[in-house]
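So you can see what is in the structure, the chains are spelled out below.
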Amino acid sequence: DTAVSQTPKYLVTQMGNDKSIKCEQNLGHDTMYWYKQDSKKFLKIMFSYNNKELIINETVPNRFSPKSPDKAHLNLHINSLELGDSAVYFCASSPGTARGNQPQHFGDGTRLSIL
Amino acid sequence: GESVGLHLPTLSVQEGDNSIINCAYSNSASDYFIWYKQESGKGPQFIIDIRSNMDKRQGQRVTVLLNKTVKHLSLQIAATQPGDSAVYFCAENGSSNTGKLIFGQGTTLQVKP
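Residues numbered from 1 in each chain as written. Chains lettered and ligands numbered in written order. Predicted model: local features only at pLDDT ≥ 70, side-chain atom pairs only at ≥ 80, totals over all residues. Heavy atoms only, no water.

Colleague: Could you give me a rundown of the environment of Gln-14 of chain A, with the residues and numbers involved?
Modeller: All names here are of chain A. By secondary structure assignment, the location of Gln-14 is in the loop between β2 (10-13) and β3 (19-25). Look at Gln-14 and you get partly exposed, because its relative accessible area is 48%. Distance from Gln-14 to Ile-114, taken between C-alpha atoms, is 5.5 Å for residues 100 residues apart in sequence. Dropping the residues within four chain positions of it, Gln-14 is found in contact with Leu-81, Ile-114 and Leu-115. (Helix = DSSP H or I, 4+ residues; strand = E, 2+ residues; numbered from the N terminus. Buried < 20%, exposed > 50% of the residue type's maximum accessible area, 1.4 Å probe, protein only. Contact = heavy atoms within 4.5 Å.)

Colleague: I'd like a rundown of the interface of chain A and chain B, residues and numbers included.
Modeller: Contacts between the two partners involve 22 residues from chain A and, on the opposite side, 24 residues from chain B. Taken together, the two surfaces of chain A and chain B that pack against each other cover about 1800 Å², and 53% of this comes from carbon and sulfur. Of all residues in chain A, Leu-43, Asn-101 and Pro-103 of chain A give up the largest surface area on contact with chain B, accounting jointly for 32% of the area buried on that side. Our count for the contact surface shared by chain A and chain B stands at one salt bridge. A salt bridge links Lys-100 of chain B to Glu-58 of chain A; the nearest nitrogen and oxygen atoms lie 3.4 Å apart. The tally of links from chain A across to chain B stands at seven residue pairs in polar contact (both at pLDDT 80 or more). Mapped by element, the contributors of at least two residues to the side of chain A that touches chain B are β4 (31-37), β5 (43-50) and β6 (53-57) of chain A. Classifying every residue of the side of chain A that touches chain B gives 10 nonpolar, seven polar and five charged. (Buried area = accessible area lost by both parts, 1.4 Å probe. Salt bridge = Lys/Arg side-chain N within 4 Å of Asp/Glu carboxyl O. Polar contact = N/O pair within 3.5 Å; in protein donor to acceptor, adjacent residues only side chain to side chain. Nonpolar A, V, L, I, M, F, W, Y, C, P; charged D, E, K, R; others polar.)

Colleague: Can you explain a positive patch on the surface? Please cite residues and give values.
Modeller: On the surface, Lys-9, Lys-41 and Arg-111 of chain A together with Lys-42 of chain B cluster together into a positively charged patch. Within the secondary structure, Lys-9 of chain A sits in the loop between β1 (4-7) and β2. Accessibility expressed as a relative area gives 38% for Lys-9 of chain A, which makes it partly exposed. (Patch = residues over 30% accessible without salt bridge, like charges linked within 9 Å, V, L, I, M, F, W, Y side chains within 5 Å. Areas by Shrake-Rupley, 256 points an atom, 1.4 Å probe, with all protein chains shown as cover. Lys, Arg positive; Asp, Glu negative; His and termini not counted. Charge placed at Lys NZ, Arg CZ, Asp CG, Glu CD.)

Colleague: Hey, could you go over the packing of aromatic side chains for me, with residue numbers and the actual values?
Modeller: Residues and elements named next belong to chain B. Applying the stated criterion across every chain yields a total of 11 aromatic pairs over all chains. Ring centres of Tyr-36 and Phe-46 lie 6.4 Å apart, and the angle between their planes is 70°; this geometry places the pair in the edge-to-face category. Residue Tyr-36 is located in strand β4 (residues 32-38), and its partner Phe-46 is located in strand β5 (residues 45-51); the two are separated by 10 residues in the primary sequence. Residue class for Tyr-36 comes out buried when judged on its relative accessible area of 0%. According to the relative accessible area criterion, Phe-46 is partly exposed, its value standing at 29%. (Phe/Tyr/Trp six-rings, centres within 6.5 Å; stacked < 30°, edge-to-face > 60°.)

Colleague: Explain the pairing of strand β9 (residues 87-94) of chain A to me, and be specific about the residues and the numbers.
Modeller: Residue and element names in this part refer to chain A. With eight of eight residues buried, β9 lies mostly within the body of the structure. Here β9 shows no split at all, with Ala-87, Tyr-89, Cys-91 and Ser-93 on one side and Val-88, Phe-90, Ala-92 and Ser-94 on the other all buried. With seven bridges connecting them, β4 and β9 associate as antiparallel partners. Bridge pairing in β9 places Lys-36 opposite Tyr-89. Examined bridge by bridge, β9 and strand β11 (residues 110-114) share three bridges and lie antiparallel to one another. Across the sheet, the residue bridging to Ala-87 is Leu-112, located in β11. Two strands pair when backbone bridges link them, and β9 and strand β10 (residues 105-106) are joined in this way by two bridges, in the antiparallel orientation. Of the residues in β10, the one forming a bridge with Ala-92 is Phe-106. (Pairing = 2+ DSSP bridges.)

Colleague: Which residues make up empty space enclosed by the protein, and what are the values?
Modeller: Where empty space is left becomes clear once a probe the size of a water molecule has been rolled over the atoms. Enumeration over the complete set of coordinates arrives at two cavities of 30 Å³ or more. Empty space within the largest cavity amounts to approximately 50 Å³. Forming the boundary of the largest cavity are 11 residues, of which Tyr-33, Ser-94, Asn-101 and Gln-102 of chain A together with Gly-99 of chain B lie nearest the centre. Of the residues that constitute the lining of the largest cavity, the class distribution is three nonpolar, eight polar and no charged. (1 Å grid on protein atoms, 1.4 Å probe; cavity = no way out; pocket = protein on both sides within 12 Å on 5 of 7 lines; lining within 4 Å. Points joined across faces, edges and corners; volume = space filled by probe spheres on them.)

Colleague: Can you explain the layout of surface pockets? Please cite residues and give values.
Modeller: Residue and element names in this part refer to chain A. A volume near 300 Å³ is recorded for the largest pocket. Of all the secondary-structure elements, those providing two or more residues to the lining of the largest pocket are β9 and β11. Per-element tally for the lining of the largest pocket: the top contributor is β11, with four residues. Across the lining of the largest pocket, the residue classes break down as five nonpolar, nine polar and seven charged. Considering only enclosed or pocket space, the second largest pocket measures out at about 230 Å³ in volume.

Below you can see the structure in the form of C-alpha cells.
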C-alpha cells in the first residue's frame, strides 16, 4: 500500500534514555516532516527535509536530531528523554516545496511515553 | 503571534444534518489553507485545501469557504454520517512556501444516530 509508515507505533521508555523513531514514505514525495502532538491534541511542526536537505527547524531542543538517509526516509533520534517529551509524534510527507504548498500525508503516529 | 483557532471545541450534530466547523486565522499573509480529519489512534487525514485566490472549493460532501476579509475559514459537511465523527483541524501556511503548516486546536465532531 502507498503510505507514510512509522515505527514503532508505541514506545515506552525511561527518562534519560535515547530512542529513535523511523519513518518511510513510498509516495515518491520529496519533502518529509516531523510533528509533535501534545495531550491537548495540538499539532506543531518540528522539522522538515526536502530531498535530504533540512528546510524547517523549529525551536526544538537539540536533543532531537532528524536524519534523512534518502528522500524516502526521515528518522527522529531523541537523546536524554525527558518527561515532557511524552507525546504522539507524526511523520508526514508532501510532493515537494518546489511545487508550492501541497497537502501533507501523515503516518499514524508513534505514541511516546516516558516513565 | 501566528495562531489559528477554532470557535467551538466540540460540535454535536444529528446524523443526516449538515455540519459547519469554523476556524479563525490571524496571519493575513497566509495564502494556503487546509482541513484535516483525525480519528482516534490515527494520523490526520487530508480532506480539502484552498488557496487564497479562491473563496470556495467543493469536494465530495465537503465544502470549504474562505473569507479573507475577516480571516475566517469554514468546513461544511453535508449529510453528516457517524463515520464523520472525529477531530477536525484547520491549518494555514502563514505565507510560507517551505511547507510549514500552522495548525489550529481542533474541533471534535460528534454525530448522534
